[in-house]
Amino acid sequence: MKAIRRMAAGLAALCLLLPASGALAAPAQAESGPAQDGQETAGTAQRAWSLPWYSDIRQQQPGKSAAQLLRLTAQQLTERSPDTTTAPAADGTQELLTGAEGYVRFTFSVPEDAWYTVRIEYQSGGSDGATCARTLTVDGTVPYREAYGFSLPHVWEDIPEEKGRTDAAGDELAPNSREKEKICTRYVYDASGMHDEPMEIWLSAGQHTLGLEGMGGQLRLRAIELLPPAEPASYAEVAAAYPAQSGTGERICIEAEDIAEKSAAAIGAAAERGSAGM
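All of these numbers come straight from a predicted model, not from anything done at the bench.

1. Things to note about unusual backbone geometry
Thought 1: Of note in the backbone geometry, D139 takes a positive phi value of approximately 55° without being a glycine.
Thought 2: Mapped onto the fold, D139 is located in the loop between β7 (133–138) and β8 (150–151).

Set out below in structure tokens:
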């Protein structure tokens, strides 16, 4: 009986934490507006749970797709965090180097109202190894939930000189990983997989500011491209670009452990731990 009383008292105390109406309180409205002296950015002021879904934005704003490509580089940069620096790449492109919480913003103009796909071009290599995550902002706000905290994975490889190593017992050792120098491109996408195509942003005719706000990891940014949505080629169009002859019929086996590139250092070969009888 004492245990029942204690349980009832606990439930009564819990009920006191709920609103008088019995319903859970709604999440607070997200703050908006430009950052103040770089201390508060749209990426940190707006939380993902308070933003609309991409599908809702698309339904609310019908319109045509863009007809031309717009490339934003260091020349269009108008704002940057104090830790952001520039450095020339091997091909002469000016890279913008931003830290885990750094930001860059570009001001530009578009000729007409349209939907634009966003593609980010960046350089893999030389980072601190942390996952690179960024939030996309348009005119100081995050346009939809999926644009908050998406990842820009670096490219990794197994160290070739360490492949085939064995320990004293003759067991093969997994090679260590290193980050690979490579130019990468990545569309703004839905990490949850609800949308399998690159997401777009709506821009009205006139001037706008596009930003990438740091959510973790270093980024060597080369460019941001705003471009028309790409229609995938048909199978017949792709096949026409290759020779007509078929394969020789020879079996080709590619071992899963023979990795040329990977998206994370932790990906690697592991010993089979199952029973031989299964």
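2. Remarks on the side chain of E213
Thought 1: Turning to its location among the elements, E213 is positioned in strand β13 (residues 206–216).
Thought 2: Engagement of the side chain of E213 in a polar contact is seen with the side chain of R105, the distance being 3.2 Å.

3. What about the environment of E157?
Thought 1: With respect to the secondary-structure elements, E157 resides in strand β9 (residues 156–158).
Thought 2: Spatially, the C-alpha atoms of E157 and S177 are 5.6 Å apart, while their sequence positions differ by 20 residues.
Thought 3: Residue contacts for E157: discarding those within four places in its chain leaves N176, S177, R178, K180, A260 and K262.

4. Examining the nonpolar core
Thought 1: Among the nonpolar cores identified, the biggest contains 40 residues, and L136, I201, L210, L212 and L221 are the most heavily contacted of them.
Thought 2: Looking at this core, the elements that each hand over two or more residues are α3 (54–60), β5 (103–110), β6 (114–124), β7, β12 (200–203), β13 and β14 (219–227).
Thought 3: In terms of residues, this core owes the most to one element, β6, which gives six residues.
Thought 4: If near-sequence neighbours (up to four positions away) are discounted, L136 is found in contact with V118, T141, V142, P143, A147, F150, V188, I201, L210, G211 and L212.

5. Comments concerning the sheet that holds β8
Thought 1: With antiparallel pairing, five strands are arranged side by side in an open sheet as β2-β5-β13-β7-β8. Edge positions in the sheet fall to β2 (77–80) and β8, since each of these pairs with one other strand and no more.
Thought 2: Bridging between β2 and β5 involves three bridges; their strand directions are antiparallel. Paired with L77 across the bridge in β5 is F106.

6. What about the pairing of β6?
Look at any regular strand and the pattern is simple: side chains alternate between the two faces of the sheet.
Thought 1: Across the 11 residues that make up β6, a large majority, 10, are buried.
Thought 2: Of the pairings in the sheet, the one linking β6 to β12 comprises four bridges and is antiparallel in character. Residue A114 lies in a different strand from β12, and its bridge partner there is L203.
Thought 3: As paired elements, β6 and β14 share six bridges and run antiparallel to each other. Bridge pairing links V118 to L226 in β14.

7. Some words on a negative patch on the surface
Thought 1: Among the surface-exposed residues, E172, E255, E257 and D258 lie close enough to one another that they form a single negatively charged patch.
Thought 2: Note on placement: E255 falls in the segment after α4 (235–240).
Thought 3: Judged by its relative accessible area of 45%, E255 falls in the partly exposed class.

Basis of the calculations
Residues numbered from 1 in each chain as written. Predicted model: local features only at pLDDT ≥ 70, side-chain atom pairs only at ≥ 80, totals over all residues. Heavy atoms only, no water. Helix = DSSP H or I, 4+ residues; strand = E, 2+ residues; numbered from the N terminus. Polar contact = N/O pair within 3.5 Å; in protein donor to acceptor, adjacent residues only side chain to side chain. Contact = heavy atoms within 4.5 Å. Core = buried A, V, L, I, M, F, W, Y, C linked by side-chain atoms within 4.5 Å. Buried < 20%, exposed > 50% of the residue type's maximum accessible area, 1.4 Å probe, protein only. Pairing = 2+ DSSP bridges. Patch = residues over 30% accessible without salt bridge, like charges linked within 9 Å, V, L, I, M, F, W, Y side chains within 5 Å. Areas by Shrake-Rupley, 256 points an atom, 1.4 Å probe, with all protein chains shown as cover. Salt bridge = Lys/Arg side-chain N within 4 Å of Asp/Glu carboxyl O. Lys, Arg positive; Asp, Glu negative; His and termini not counted. Charge placed at Lys NZ, Arg CZ, Asp CG, Glu CD.

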